[in-house]
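Here is what each chain is made of, one letter per residue.
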Amino acid sequence: MIFFFWGDADDAAVVFDADEEGASFTIGKSDEGFGNLAGAVNALFEVQGLPFACRYLGQDMGFLPPPHPPKDKLLRRKFAHMLSLQDKVILVTGGSRGIGRAIVETLARAGAIVAFTYRGSVEAAQSLAQAHPERVWPYQADVTDGARAEAIIDELVKKYGRLDGLVNNAGITQDNLLLRLTEAQWDAVLQTNLKGPFLYTKAALKPMLRQRQGSIVNISSIVGITGNPGQANYAAAKAGLIAFTKSLAKEVGSRNIRVNAIAPGFIQTDMTTHLPAEAWQSRIALGRLGQPSEVAHVCAFLLSDLASYITGEVIVVDGGLQ
Ligand code: NAP
């Protein structure tokens, strides 16, 4: 917030402390122009609609309440409310590490109650939950287990009465050139990256359809749009996830449920640690890897009411990858 002073108050030292709710001023040095200064400050704050208390040389000079909240303050509040995820109940798959972990942290900071699944990283999951007591809840669950998906969502709905959001994030890679790609590698990647989102979405849709409200975000990949040698299984799963997103958006839009996908490029996580810098540096306009939080911010936006007219979309977060 910026304050302007005017009047005959060149050598007055003004100390102020202000927030959205009001401001307090201490005029500490000279009484020259104090009347003008206080009048000017008064006029300014009446315009801004903020209450302020004014002290002159430590003496309390009174408190002026605002005449009425101004329009811009109401608009700021409305914007903050739409961006906030306060007390929304959101489930994130694969939240123990990398992008999923950043999503859990971002949503919790935005006020959401976040449940997340993980497969094997018990300690990482516990530390994440402990950092956000009563707000973040871990569930050990393989994303390919449909019965477990239903049980987790039933438990959340019993506890909180609803499910506002689902983020299908859990994913793996098992790369190989096609002639060397085994059936097991194909199945594992398709099961985790594509069947997992199907199972969790199916379970989440039940409460969302009842509520007539919900937002689903699927973490796809740029590779699902462009393809990549050595990743035919992964690219097929991520392209499938995009088609799944677009189809489902059309199926449930009339029930006020939005379904979108994010297609990240190279993001700095365990999944990309083995990549040499030559593999990406010259190809990224911004010249660096993305951070998990940079995907998480887009995810929070898509889950928020600011994205209320966006569905069936794929948002690419790749720093300008060629
Ligand atoms: P990551 O660091 O390897 O983390 C993967 C997360 O998914 C972990 O929390 C892991 O749990 C969980 N997970 C894996 N298999 C699971 C299963 N069967 N059941 C339940 N949870 C499972 O990966 P990331 O880089 O953050 O990737 C997250 C998502 O973004 C994935 O869908 C990935 O395809 C996508 N993506 C990543 C990049 C990138 O550059 N990093 C780019 C594009 C898209 P545990 O810790 O318990 O194993």
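The paragraphs below set out a description of the structure included in this document. (Residues numbered from 1 in each chain as written. Predicted model: local features only at pLDDT ≥ 70, side-chain atom pairs only at ≥ 80, totals over all residues. Heavy atoms only, no water.)

**So, the pattern of salt bridges**
- Under the defined criterion, the tally for this structure stands at seven salt bridges.
- The residue Asp270 makes a salt bridge to Arg97 at a minimum N-O spacing of 2.8 Å. Placement of Asp270 in the loop between strand 10 (257-264) and helix 9 (292-303) and of Arg97 in the loop between strand 5 (89-92) and helix 3 (98-109) is noted, with a sequence separation of 173 residues between them.
- The partner of Arg162 in a salt bridge is Asp164, and the shortest N-O contact between them spans 3.1 Å. (Salt bridge = Lys/Arg side-chain N within 4 Å of Asp/Glu carboxyl O. Helix = DSSP H or I, 4+ residues; strand = E, 2+ residues; numbered from the N terminus.)

**Section: the side chain of Thr245**
- Assignment of secondary structure puts Thr245 in helix 8 (residues 232-252).
- Overall, Thr245 belongs to the buried group, its relative accessible area being 0%.
- Setting aside residues up to four positions removed in sequence, Thr245 forms contacts with Asn218, Val259, Asn260, Ala261 and Glu313. (Buried < 20%, exposed > 50% of the residue type's maximum accessible area, 1.4 Å probe, protein only. Contact = heavy atoms within 4.5 Å.)

**Focus: the packing of aromatic side chains**
- In total, this model carries one aromatic pair according to the counting rule given.
- Between Phe116 and Tyr118 the ring centres are 6.2 Å apart and the planes differ by 45 degrees, which places this aromatic pair in the tilted class. Each of the two residues, Phe116 as well as Tyr118, counts as buried.
- Here the basic side chain of Lys159 rests over the ring of Trp137, its NZ or CZ set 3.7 Å away from the ring centre. (Phe/Tyr/Trp six-rings, centres within 6.5 Å; stacked < 30°, edge-to-face > 60°. Lys NZ or Arg CZ within 6 Å of the ring centre and 35° of its normal.)

**What to know about the packing of helix 3 against helix 4 (residues 122-131)**
- One way to put it is that helix 3 packs onto helix 4 with a least axis distance of 11 Å and a crossing angle of 15 degrees. Of the possible angle classes, the one that applies to helix 3 and helix 4 is roughly parallel. The handedness of the crossing between helix 3 and helix 4 is right-handed. Along the contact surface, helix 3 presents Arg101, Val104 and Glu105, while helix 4 presents Ala124, Ser127 and Leu128.
- Looking at the contact of helix 3 with helix 4 residue by residue, the class counts come to three nonpolar, one polar and two charged. (Axes fitted to C-alpha atoms, helices over the stretch in contact; angles between N-to-C directions. Parallel < 35°, antiparallel > 145°, perpendicular 65-115°, else oblique. Left-handed = near helix turned anticlockwise from the far one by under 90°. Nonpolar A, V, L, I, M, F, W, Y, C, P; charged D, E, K, R; others polar.)

**Describing the environment of Met82**
- Relative to the elements of secondary structure, Met82 occurs in helix 2 (residues 71-83).
- Looking at Met82, the relative accessible area reads 26%, which means it is partly exposed.
- Note: C-alpha distance between Met82 and Leu306 (224 residues apart in sequence) is 5.5 Å.
- Ignoring any residue separated from it by four or fewer positions in sequence, one finds Met82 in contact with Ser304, Asp305 and Leu306.

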